[in-house]
Amino acid sequence: MMLEWLLGLFRTRLGRIAGSIAGIALTVALIAALGVFIRSSTATMTQRAIATVPIDWQIEMVPGSNAADIRTALFDAAPVARGEVVGYAKIDGLEFTTGGSVQSTGAGKILGFGPGYLQAFPQGFRLLSGTTDGAVLLQQTAANLHAGPGDTITIHRPGLPDATTKVTGVVDLTSADMVFQAIGVPPGAAPQAPPDNAMILPMAEWQTIFDPQANVRPDSVRRQLHVTLDHSALPTDPGDAYINVLSTGHNFEARVAGSAVLSNNLAARLDAARGDAVYARVLFLFLGAPGAVLAALLTIAIAASGSDRRRRDQSLLRLRGAPVATILRLAGFEAVATGVTGAVIGVVIAELASRVLLGGTMLTRASAAWLLVSAAIGVVLALAAILLPAWNSARTLSVAAARQSIGADPQSIWRRIYLDFILLALAGIVFWKTAASGYQVVLAPEGVPAISVDYTAFLAPVLLWAGAGLLVLRIGNVALKYGRKTLAKLLSGFAGPVAGAVAASLSRQRRRVAAGIALAALAFAFATSTAIFNASYQGQARVDAELTNGADVTVTGTTATPVGPVLDKLKAIPGVTAIQGMQHRFAYVGNDLQDLYGVDPANIGTATTMSNAFFQNGDAKATLAALAKAPDGVLVSDETMKDFQLALGDTLNLRMQGPDHQYHIVPFRFAGVVREFPTAPRDSFLIANAGYVAKMTGVDATEVALLRTSGETASVKGAATVITKAIPGMRVTDLSDATHFIGSSLTSVDLGGLTRLELAFAILLLAGASGLVLALGLADRRRSFAILAALGAKSQALSSFIWSEALLILIAGAVFGAATGTGVAYILVKVLEGVFDPPP
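Here the structure is a predicted model, which is why all the values come from computation and not from measurement.

All right, on to the overall build of the protein chain then. Per the secondary structure count, the protein chain includes 27 helices and 23 strands. Taken over 840 residues, the protein chain has a buried fraction of 51%. Taking the contacts inside the protein chain whose residues are at least 6 apart along the sequence as the reference set, 81% of them involve residues at least 24 apart.

Here it is as structure tokens:
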């Protein structure tokens, strides 16, 4: 009986059943594709976060501890891939005599590396000159001493006679912050900046020089184990990976029982990534959820369009003696069959969309659970759309009541209580409250495995979307009821003499037409909010990458090997639209050594983005103009301004290195506060006029070149690499390198595929909503069209009814949808403002 009933439905009501299946399929497909995209994105964030950690663990051995016992505990507790012992020794200073003058430094540190260290931990080191098989100076130390490969350096040891060593190379230690971090002390109890003067020695030479110092001054010598873990067994989710690495670290600490102190750098990096991963999940769900809800509404609308016929069927069945249980079994069988068919088709659509729009497959073991959840949602949707109304009718209506209810048009409850205005008011209140309170959408306390998400921050766009949809439905009903004459005038140019009849027809069927306008508006809102947010997101991701890399392509040299001599050659590369040189020097603010960047403030914006968010006053143009007018002006960071209690116009005496490699006082005038700047560190730095820096220091070297390109950066990067390959220590990077560097950040996720996916579904949903309303209208007008045709109406006049309705739905839906989508996108960008650096 069940199969016969279903086959009869397919024969007589194929259109409505096919529409329900299509709606379920779109819902399942969108949810499945969205889930797989989220999973792959968070897995990518995990991989990139892990890849950018130079040293997973740093284990500092307590003086007097047994190194063999610590190693045993390490290998018992953690999956170790590589491990190297590193020596740290404090010194009173370094000295180098050249050309009859003596160059000396203040206190510093000497590292001891084993022969395999650079092979085990290659990240964070950039060889500038010479080789690494002997004593190696750090870049700033080499500049301070004016020393290089082949020179002999004197080491001043505390409590012991001086020692000497011969330099074989100079390196840029980009991971200095991590290598020299204080381990086992509370935050703020030890200096966070790496030492100004440092050197690396082979471990054998380091032991020869500093083992005696350990006997005299044991507090000045220590040893660490630098460890890289085996990443193959780590979970793909950043949060799960963080918990795994954190618990493994705790296991090790319990085993060593205080004989060693652990700095879990990998857990710290994953700690930052897990917050962004939660942001990604929440964001992508909220971007895609309106589409899934709209597909579900479309399915329910299609099912509801046959409610009158279903009630007739129930009345006939009950007249013939069918009990309620039989009626519900028939409806349930129809719902399950429709849901399963739609779920299967939805999975197929999702796979095709994933291959075409996302560039991958979702038919994997990792995606199986999400696909099953998506399919289950499709079946539940079918039960809600088909079985629940049938159950409600069969439970509450008698045969006579069912007959009386056919064709009834009761006033909706939501209209009477003004639910649309309530939702819009709540959206405004929630947005105002959350924006005014300085909210954090995702709270991931450092060291705490649990993450809390403030989902109330996303209530504003949800309430706006829902309230706007109901408001459009209300406006559509009112306008079609009382605006017949206006509508007839608007349609007169298209419908001609039958414009009045068309307007009257639309007014009579206003409930259905208004629903079509509302569904179309929600589809347009979905597409608009997705497109606008993606444009904002991609633009901000580019700013984030430019902030890290400096420009589309950046060429970095040193004061000894500047890029200035090759600027003209770099400018001539095809695809380079602008180029700006930038100085990168160091200056002492009091006793604090900071990065100083010398720029041409009038033209720096031609080669790289100068965002208003970079500057405290929120006006990049005004700040750079003020700097250009003050040759001795300097922009300082917030931290420097507060630490030194500076006020605008104050004189700031900086110590900078001159051509004699000695530090001299150079006066600057405090001209403003800078928060971010291309290539600059996040904490303390200075921005000054390049011409003034060159004049006052006597060194006009340009260490950095920023290149803006017209398109593909890879070819420009390749050409720049060819030009600079003969210059020692020169490095060429582009935006893709920066994207990998900030790989665990939310802004490193490419939303292009997700946007294409959601826009494609928006088009399908718009077509489905419009097609549904038009098809129902055609069915309702079939008898009217037959009468008009019998009275002599021409086909052109008859088609005016359909085309006028289609245009009304599309135009009104586009107008209301674009406004709603813009509002939703604006709120989403504001809600996620804290994710971006700098804020959009």
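Still more to cover.
A separate point is the pairing of strand S22 (residues 704-709). When you tally the buried positions in S22, you get five out of six residues, the bulk of the element. Note that strand S15 (residues 553-556) and S22 share four bridges and pair antiparallel. Bridging from a neighbouring strand, Val 555 pairs with Ala 705 of S22. Bridging between strand S16 (residues 576-589) and S22 involves six bridges; their strand directions are antiparallel. In the strand pairing of S22, Gly 581 is matched with Ala 705.

Our focus in this paragraph is the nonpolar core. Counting 76 residues, the largest nonpolar core has Phe 284, Leu 294, Leu 506, Phe 533, Leu 754 and Leu 765 as its most contacted members. The element best represented in this core is helix H19 (residues 510-549), accounting for 14 residues. Dropping the residues within four chain positions of it, Leu 765 is found in contact with Leu 26, Gly 291, Leu 294, Ala 295, Leu 298, Ala 523 and Phe 526. Core analysis: the second largest hydrophobic core is formed by 28 residues, Ala 73, Leu 246, Ala 260 and Leu 262 among them.

Counting across every chain of the model gives twelve aromatic pairs. On the numbers, 6.0 Å between centres and 40° between planes, the contact of Trp 57 with Phe 252 is tilted. Here Trp 57, found in strand S1 (residues 57-61), pairs with Phe 252, found in helix H8 (residues 238-256); they are 195 residues apart in sequence, far enough to count as distant. Each member of the pair, Trp 57 as well as Phe 252, carries the same accessibility label: buried. One aromatic cluster is present, formed by Phe 113, Tyr 117, Phe 121 and Phe 125 through successive ring pairs. Cation over ring: Arg 222 sits above Tyr 88, and NZ or CZ is 4.4 Å from the ring centre. The positively charged end of Arg 655 is found above the aromatic ring belonging to Tyr 588, 4.4 Å away from the centroid.

Compared with the 20 Å implied by 1.5 Å per residue over 14 residues, the 19 Å span of helix H7 (residues 203-216) between its first and last C-alpha is a close match. Those residues of H7 that fall on the buried side of the exposure criterion are Met 203, Trp 206, Ile 209, Phe 210 and Gln 213. Looking at the buried side of H7, the elements it contacts are strand S2 (80-91), strand S5 (108-113), strand S8 (152-156), strand S9 (163-173), strand S10 (198-202) and strand S11 (221-229).

What follows deals with the pattern of salt bridges. Overall, the coordinates contain ten salt bridges when judged by the stated rule. Close ionic contact of Glu 703 with Arg 585 constitutes a salt bridge, the shortest N to O distance being 2.8 Å. Note that Glu 703 is positioned in the loop between helix H23 (690-697) and S22 and Arg 585 in strand S16, a separation of 118 residues in sequence. Accessibility expressed as a relative area gives 7% for Arg 585, which makes it buried. Asp 632 serves as the salt-bridge partner of Arg 669, at 3.6 Å between the closest nitrogen and oxygen. Placement of the pair is Arg 669 in strand S20 (residues 663-673) and Asp 632 in the loop between helix H21 (620-629) and strand S18 (633-636), with a sequence separation of 37 residues.

Together, Asp 177, Glu 639, Asp 643 and Asp 683 line one region of the surface with negative charge. You can see Asp 683 is positioned in the loop between S20 and strand S21 (685-689). A relative accessible area of 46% means that Asp 683 is categorised as partly exposed.

Looking at the secondary structure, you find Asn 689 in strand S21. Under the relative-accessibility criterion, Asn 689 is labelled buried at 9%. Only 3.3 Å separates the side chain of Asn 689 from the backbone oxygen of Pro 631, close enough to count as a polar contact.

In the contact formed by helix H16 (residues 459-482) and H19, the axes pass within 8 Å of each other and the chain directions differ by 145°. When you trace H16 past H19, the crossing you get is right-handed. Where H16 abuts H19, its residues Trp 465, Gly 469, Val 472, Leu 473, Gly 476, Asn 477, Leu 480 and Lys 481 lie against Arg 510, Arg 511, Val 513, Ala 514, Ala 515, Ile 517, Ala 518, Ala 521, Leu 522, Ala 525 and Phe 526.

Moving on: the pairing of S10. With four of five residues buried, S10 is to be regarded as a mostly interior element. Bridge count between S5 and S10: five bridges; the pairing is parallel. Each bridged residue has a counterpart across the sheet, and for Leu 111 the counterpart in S10 is Ile 200. With two bridges connecting them, strand S7 (residues 135-138) and S10 associate as antiparallel partners. The residue bridging Val 136 from the neighbouring strand is Ile 200, located in S10.

This paragraph deals with the packing of helix H3 (residues 67-77) against H8. Relative orientation of the contacting elements H3 and H8 amounts to 150°, with a least axis distance of 9 Å. The handedness of the crossing between H3 and H8 is right-handed. Residues Ile 70, Ala 73, Leu 74, Asp 76 and Ala 77 of H3 form the contact with H8, whose participating residues are Thr 248, Asn 251, Phe 252, Arg 255 and Val 256. The class makeup of the residues in the contact of H3 with H8 is six nonpolar, two polar and two charged.

Attention now moves to the environment of Thr 713. Considering the arrangement of structural elements, one finds Thr 713 in helix H24 (residues 713-724). The exposure class of Thr 713 is buried, given its relative accessible area of 13%. Residues Thr 713 and Leu 735, spaced 22 residues apart in sequence, show a C-alpha to C-alpha distance of 7.8 Å. Discounting residues that sit within four places of it in the chain, Thr 713 has contacts with Asp 552, Val 553 and Asp 734.

Mapped onto the elements, Thr 702 comes out in the loop between H23 and S22. Using a relative accessible area of 17% as the deciding quantity, one classes Thr 702 as buried.

Tracing the backbone through its elements, the reader meets Ala 350 in helix H11 (residues 324-358). Look at Ala 350 and you get buried, because its relative accessible area is 0%. As a C-alpha pair, Ala 350 and Leu 34 span 316 residues in sequence and 9.1 Å in three-dimensional space.

Next up on the list: a nonpolar patch on the surface. A cluster of nonpolar side chains, contributed by Val 336, Val 340, Val 344, Val 348 and Leu 352, occupies part of the molecular surface with about 410 Å² of accessible area. Considering the arrangement of structural elements, one finds Val 336 in helix H11. On the basis of relative accessibility, which here comes to 39%, the residue Val 336 falls in the partly exposed class.

The next point concerns the environment of Gly 184. Relative to the helices and strands, Gly 184 is located in the loop between helix H6 (176-179) and S10. Residue Gly 184 is classed as exposed on the basis of its relative accessible area, which comes to 60%. On a C-alpha basis, the gap between Gly 184 and Ser 263 in space is 7.5 Å, while along the polypeptide they are 79 residues apart.

Basis of the calculations
- Residues numbered from 1 in each chain as written.
- Predicted model: local features only at pLDDT ≥ 70, side-chain atom pairs only at ≥ 80, totals over all residues.
- Heavy atoms only, no water.
- Helix = DSSP H or I, 4+ residues; strand = E, 2+ residues; numbered from the N terminus.
- Buried < 20%, exposed > 50% of the residue type's maximum accessible area, 1.4 Å probe, protein only.
- Contact = heavy atoms within 4.5 Å.
- Pairing = 2+ DSSP bridges.
- Core = buried A, V, L, I, M, F, W, Y, C linked by side-chain atoms within 4.5 Å.
- Phe/Tyr/Trp six-rings, centres within 6.5 Å; stacked < 30°, edge-to-face > 60°.
- Lys NZ or Arg CZ within 6 Å of the ring centre and 35° of its normal.
- Expected span 1.5 Å × (residues − 1).
- Salt bridge = Lys/Arg side-chain N within 4 Å of Asp/Glu carboxyl O.
- Patch = residues over 30% accessible without salt bridge, like charges linked within 9 Å, V, L, I, M, F, W, Y side chains within 5 Å.
- Areas by Shrake-Rupley, 256 points an atom, 1.4 Å probe, with all protein chains shown as cover.
- Lys, Arg positive; Asp, Glu negative; His and termini not counted.
- Charge placed at Lys NZ, Arg CZ, Asp CG, Glu CD.
- Polar contact = N/O pair within 3.5 Å; in protein donor to acceptor, adjacent residues only side chain to side chain.
- Axes fitted to C-alpha atoms, helices over the stretch in contact; angles between N-to-C directions.
- Left-handed = near helix turned anticlockwise from the far one by under 90°.
- Nonpolar A, V, L, I, M, F, W, Y, C, P; charged D, E, K, R; others polar.

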